[in-house]
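# Residue-level structure breakdown
Listed below are the residues making up each chain.
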Amino acid sequence: MSLAERWLLPDGVKEVLPPQAQQVETARRRLLDLYDSWGYELVMTPLIEHLNSLLVGVGRDLELSTFKVTDQLTGRMMGIRADITQQVARIDANHLSYQGPVRLCYCSTVLHTLPANPLASRNPLQVGAELFGHSGVASDVEIISLMVETLNAMQVNQELSLDLGHVGIYSGLMGEAALNADQEAEYFELLQRKDLPEIGRFLAESDLDERMKRYLAVLPTLHGGREVLQQARECFAGVEQTIIEALDYLDALAEQISQRYPQLDLYFDLSELRGYNYHTGVVFAAYVPAFGQAVAKGGRYDEVGRDFGRARPATGFSADLKTLVGLAATPSKPARKVVRVPAVEDSAALEVVAKLRAQGERVVQLLDSAVVEDAQQFTHQLVQQDDTWVLKSL
Ligand SMILES: N[C@@H](Cc1c[nH]c[nH+]1)C(=O)O
């Protein structure tokens, strides 16, 4: 390995340098304080877990995203978390015995075997909130509101748009179509890409009845404004009642969200399935024009807790904090002083230094008068005048 190679990080693995690292940390504190003010308790989940408990109840996408390693102590397979949501669901199911709503939040690094999209990092800093124990529109409204407030707090709210979908529409259709596992996987994959010609070919070759072919052909075209819900009602009239219920749910949710956030652009996409990992109901994602991917996303996942022995309704959202900081309006420089202190061992000087630091100023004492320290942008220096130490601007 050459010297140059030793400095190279793996593709998609990013480190954060000054001053961005401080911006990320400031943002982390701001968001965790925001969640705290909404009643969300902080949890810290382990970086690594037994593979089978980490992956229970999650879909294939998340399994493929998970790094697997062997435990040197037991020989068992372990997984490094690629998502925190299902870990938090385990905490709600296993450790907390509350029957009523439980609100939890987190901010930690996750690792992805492959980047979620070509520009994404493989070590995002996942920040998010999860709400357990309530099924119904009110908890989804709360979570979507907190997601919007997160983006507001990060000042990435310019021309925010919200995509809404509902996994129940796809799963209702699949229940009726009764495709085999391979066929369903193929249709799912084509649907994610909205590949209409290939979907046409797939349906023509299948032995589904004409009515079901029509439903599966129309699903990927159902995206746009609120009129899409009415269109879907007409297209799917006479199909499973659960589909109509899902459309009603989306309608009610959209109504309340647009009352709370009239400036928010709402968009519906009935084939958005969020990878179909664990979501069971409404799914949502926030977009801003400056960024081609969702800046935050989430949804309802009522079934995950069942695999941990306590099925609880659940909804939540998450985002990559480093992406949010990258999109945030550049924060104005903090108005604090950066003070240079000469290399002296003088108790009066050290007292002033301690006082300035306690006031929140940044104070750097030079290590040696012969050493040049140029990494700091000094704004002031401490100088001795007639036996007292005074601050002079530079
Ligand atoms: N963790 C999910 C989003 C989510 C949070 N809670 C529910 N869903 C994701 O990264 O896509």
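Before going into details, it helps to say that this report is about the structure given with it.

Parameters and conventions
- Residues numbered from 1 in each chain as written.
- Predicted model: local features only at pLDDT ≥ 70, side-chain atom pairs only at ≥ 80, totals over all residues.
- Heavy atoms only, no water.
- Phe/Tyr/Trp six-rings, centres within 6.5 Å; stacked < 30°, edge-to-face > 60°.
- Helix = DSSP H or I, 4+ residues; strand = E, 2+ residues; numbered from the N terminus.
- Buried < 20%, exposed > 50% of the residue type's maximum accessible area, 1.4 Å probe, protein only.
- Lys NZ or Arg CZ within 6 Å of the ring centre and 35° of its normal.
- Near = heavy atom within 4 Å.
- Polar contact = N/O pair within 3.5 Å; in protein donor to acceptor, adjacent residues only side chain to side chain.
- Areas by Shrake-Rupley, 256 points an atom, 1.4 Å probe, with all protein chains shown as cover.
- Nonpolar A, V, L, I, M, F, W, Y, C, P; charged D, E, K, R; others polar.
- Contact = heavy atoms within 4.5 Å.
- Patch = residues over 30% accessible without salt bridge, like charges linked within 9 Å, V, L, I, M, F, W, Y side chains within 5 Å.
- Salt bridge = Lys/Arg side-chain N within 4 Å of Asp/Glu carboxyl O.
- 1 Å grid on protein atoms, 1.4 Å probe; cavity = no way out; pocket = protein on both sides within 12 Å on 5 of 7 lines; lining within 4 Å.
- Points joined across faces, edges and corners; volume = space filled by probe spheres on them.
- Pairing = 2+ DSSP bridges.

### Brief notes about the packing of aromatic side chains
As enumerated under the stated definition, the model contains seven aromatic pairs in all. A centroid spacing of 6.2 Å and a plane angle of 85 degrees characterise the contact between F132 and Y301, whose relative ring orientation is edge-to-face. Note that F132 is positioned in strand β6 (residues 125–132) and Y301 in the loop between β11 (296–300) and β12 (314–320), a separation of 169 residues in sequence. The two residues F132 and Y301 agree in class, both being buried. Centre to centre, the rings of Y170 and Y187 are 6.4 Å apart; their planes meet at 0 degrees, and the pair counts as stacked. With a gap of 17 residues between them, Y170 in helix α7 (residues 167–177) and Y187 in helix α8 (residues 181–193) connect regions that are remote in the sequence. With relative accessibility at 0%, the residue Y187 sits in the buried group. Taken together, the ring pairs connect Y170, Y187, F188 and F202 into an aromatic cluster. The ring of F378 has R340 sitting right over it, with the charged end atom 5.5 Å from the ring centre.

### Comments concerning the site of the ligand
The environment of the ligand is formed by 14 residues, the closest being D83, T85, E130, Y278 and H279. Here an oxygen atom of the ligand sits 3.3 Å away from a polar atom, N or O, in the side chain of K297. Alone, the ligand offers 300 Å² of accessible surface; in the complex the protein occludes 91% of this. Of all the secondary-structure elements, those providing two or more residues to the shell around the ligand are β6, β11 and β12. Per-class residue counts for the shell around the ligand are three nonpolar, seven polar and four charged.

### Describing the environment of R81
By the element assignment, R81 lies in the loop between β4 (77–80) and α5 (85–94). Each C-alpha atom, one on R81 and one on A177, is 34 Å from the other, the two residues being 96 residues apart in sequence. Here R81 is in contact with T45, P46, L47, L54, Q87, S108, T109, V110 and L111, once residues within four sequence places are set aside. In terms of polar contacts, R81 uses its side chain to reach the backbone carbonyl oxygen of T45, at 2.7 Å.

### A short note on a nonpolar patch on the surface
A cluster of nonpolar side chains, contributed by L47, I48 and V69, occupies part of the molecular surface with about 210 Å² of accessible area. Inspection of the secondary structure assignment puts V69 in strand β3 (residues 67–70). Look at V69 and you get partly exposed, because its relative accessible area is 31%.

### Looking at empty space enclosed by the protein
Tallying each qualifying case throughout the model produces one cavity of 30 Å³ or more. In this structure, the largest cavity occupies an estimated 30 Å³ of space. Every residue lining the largest cavity is listed: A89, D92, A93, F132, Y301, V304, G305, R310, R312 and A314. If you tally residues by element for the lining of the largest cavity, the top one is α5, at three residues. A breakdown of the residues in the lining of the largest cavity according to their chemical character gives six nonpolar, one polar and three charged.

### Details of the pairing of strand β10 (residues 282–287)
Burial of β10 is extensive: five of the six residues sit out of reach of the surface. Inspection of the sheet shows strand β7 (residues 161–166) paired to β10 by six bridges, in the antiparallel sense. When the sheet's bridge partners are listed, S161 is paired in β10 with Y287. One ladder, built from four bridges, connects β10 with β11; its direction is antiparallel. Looking at the pairing, F284 lines up with G298 of β11.

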